[in-house]
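Residues per chain are reported as follows:
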Amino acid sequence: MRIGMMTGGGDSSAINAAIRAVVRRGLEGGHQILGFKNGWAGPINGDYMEMTADLVSGILPRGGTILGTSRTNPFKLEGAVEKMTGNLKHLGIEAMICIGGDDTLGVAHKLNGLDEPIPAVGIPQTIDNDINGTDYAIGFQTAVAVATDALDKLHTTAESHHRIIVVEVMGRDAGHVALYAGIAGGADVVLVPEHRFDIDAIIDRIKRRRQSGKTFSIIVVAEGARPEGREQVVISEKTDAFGHVRLGGVAEYLANVIEEKTGLETRSMNLGHLQRGGMATPFDRIVATEFGIAAIELVEKGEFDRMTAIQCGTVTSIPLEEALTIRPIDERIFQMAQTFY
Ligand code: F6P
């Protein structure tokens, strides 16, 4: 078969491990793989490269995506869907493998539903880990490892200076990165978008720690978290092609309020895109490899409009449509984090 592949939306580590698995398993199955460049811009502009074993050699641990990415939404650009389907048909593409988060997978789902459908399957990839129906998306584990490493480092400086440090992590409207890194990095407070937070309760917590002899505190806040009575803090209200504003700044906001209300020295830091780069963790590489192989198998079996998934340690697949609602954090794990307050 002639199979197309693309990577869209925010990048992460371990995408290349998935690309490598698709290409290696695809070639072994006698298929031809075309890699479209820069998200949906590739199929729209007919910009692609033929994937060879040489092209994917050595990319297993490397961050980013060798195909490039973008937040292009073909359904928001005049004439783009027609251009894209025309190109894919002209190139003889019989199936698309789409790697990305809910925006990319949403487009993949729509392709299957066109009057003249483009058969497509999805691979979940986002550091946010907010895709429904899968325990893990590619990139999440590495982002948690990066954030945990940062928390370990910030602990020593916070302790030496007797400061409060508020650390902002990504995740958009889900708190998975904040929660997992917060637990692994021993944060004193973890704030997630799923629960509005009460600033006075945080200050009480800091004071209680002081009374018990702990002169520093580390707070992890997800970029989408918001206090009671306030909306999310944004860098820009301008929305991207999928309707998302640019979140950012909640750590700085919170640090200012805490310092003002307590008189204690407080600093903030936003880990930002650091969380999306670097060498992928072994776990992410394994998940990505399993997903790449499973995606080719879905295509071979003609099981389209589905996404590869991991549920309770088993690789499986689910309808793409089911993947498109945001997966909130596990409340049990959130409660577990509170045990250490
Ligand atoms: O969806 C992945 C993500 O990293 C979010 O956590 C974050 O809000 C957003 O992308 C940032 O997007 P950009 O790379 O466009 O700044």
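Note that the structure is predicted; figures quoted are calculated from it, not measured.

Asker: Help me understand the nonpolar core, please; the structure alone is not making it clear to me.
Answerer: The tendency in soluble globular proteins is for nonpolar side chains to be buried side by side. With 30 residues, the main nonpolar core has Met5, Ile19, Met51 and Ile97 as its most contacted residues. Of all the elements, helix H9 (residues 282-301) adds the most residues to this core, at 7 residues. When neighbours within four sequence positions are excluded, Ile97 is seen to be in contact with Ile3, Gly4, Met5, Met6, Val22, Val121, Ile123, Ala295, Ile296 and Val299. Listed in part, the 27 residues of the second largest apolar core include Met96, Cys98, Ile131 and Ala309.

Asker: So what exactly am I meant to see when it comes to the side chain of Ser13 here?
Answerer: Here Ser13 shows up in the loop between strand E1 (2-7) and helix H1 (15-28). Here the side chain of Ser13 touches Gly277 through a polar contact of 3.2 Å, landing on its backbone oxygen. With residues near it in sequence (within four places) discarded, Ser13 still touches Gly63, Gly64, Ile138, Gly139, Thr142, Arg276, Gly277, Gly278, Met279 and Ala280.

Asker: Mind showing me how you'd approach the site of the ligand here?
Answerer: The immediate surroundings of the ligand are formed by Arg71, Asp128, Met170, Gly171, Arg172, Glu223, His273 and Arg276. One of the side-chain nitrogen or oxygen atoms of Arg71 is found 2.8 Å away from an oxygen atom of the ligand. In the complex, the protein chains occlude 82% of the 400 Å² of accessible area that the ligand would expose alone. When its residues are assigned to classes, the shell around the ligand shows 1 nonpolar, 2 polar and 5 charged.

Asker: Is there a simple way to explain the pairing of strand E8 (residues 217-222) in this structure?
Answerer: Each regular strand carries side chains that alternate between the two faces of the sheet. Taken across its 6 residues, E8 has 6 buried, putting it largely inside the fold. Burial along E8 is two-sided: the residues Ser217, Ile219 and Val221 and Ile218, Val220 and Ala222 are all buried. Bridge count between strand E6 (residues 164-169) and E8: 6 bridges; the pairing is parallel. Across the sheet, Val166 pairs through a bridge with Ile219, a residue of E8. Looking at chain direction, strand E7 (residues 189-191) and E8 are connected through 3 bridges and run parallel. By the bridge assignment, Val189 is partnered in E8 with Ile219. The parallel pair E7 and E8 is bridged by helix H7 (residues 199-211), and the resulting crossover is right-handed.

Asker: Explain the side chain of Arg276 here, please?
Answerer: Checked against the element boundaries, Arg276 lands in the loop between strand E11 (266-270) and H9. Relative accessible area serves as the criterion here: at 15%, Arg276 is assigned to the buried category. If we skip the residues at most four places from it in the chain, Arg276 touches Gly10, Asp11, Ser12, Ser13, Arg71, Ile127 and Met170.

Asker: How should the sheet that holds E7 be read in this particular structure?
Answerer: Note: strands within a sheet are paired through backbone hydrogen bonds, in either parallel or antiparallel orientation. Read across the sheet, 4 strands follow the order E7-E8-E6-E11 without closing on themselves; strand pairing throughout is parallel. Strands with a single pairing partner mark the edges of an open sheet, and in this sheet they are E7 and E11. Averaged over all pairs of adjacent strands, the angle between their axes in this sheet comes to 15°, without regard to strand direction. Pairing of E6 with E11 involves 5 bridges; the strand directions are parallel. Bridging from a neighbouring strand, Val166 pairs with Ser268 of E11. Lying on the sheet, helix H5 (residues 140-161) is in contact with E6, E8 and E11; it crosses E6 at an angle near 165°.

About the criteria used
Residues numbered from 1 in each chain as written. Predicted model: local features only at pLDDT ≥ 70, side-chain atom pairs only at ≥ 80, totals over all residues. Heavy atoms only, no water. Core = buried A, V, L, I, M, F, W, Y, C linked by side-chain atoms within 4.5 Å. Buried < 20%, exposed > 50% of the residue type's maximum accessible area, 1.4 Å probe, protein only. Helix = DSSP H or I, 4+ residues; strand = E, 2+ residues; numbered from the N terminus. Contact = heavy atoms within 4.5 Å. Polar contact = N/O pair within 3.5 Å; in protein donor to acceptor, adjacent residues only side chain to side chain. Near = heavy atom within 4 Å. Areas by Shrake-Rupley, 256 points an atom, 1.4 Å probe, with all protein chains shown as cover. Nonpolar A, V, L, I, M, F, W, Y, C, P; charged D, E, K, R; others polar. Pairing = 2+ DSSP bridges. Right-handed = clockwise from strand over helix to strand, strands pointing away. Axes fitted to C-alpha atoms, helices over the stretch in contact; angles between N-to-C directions.

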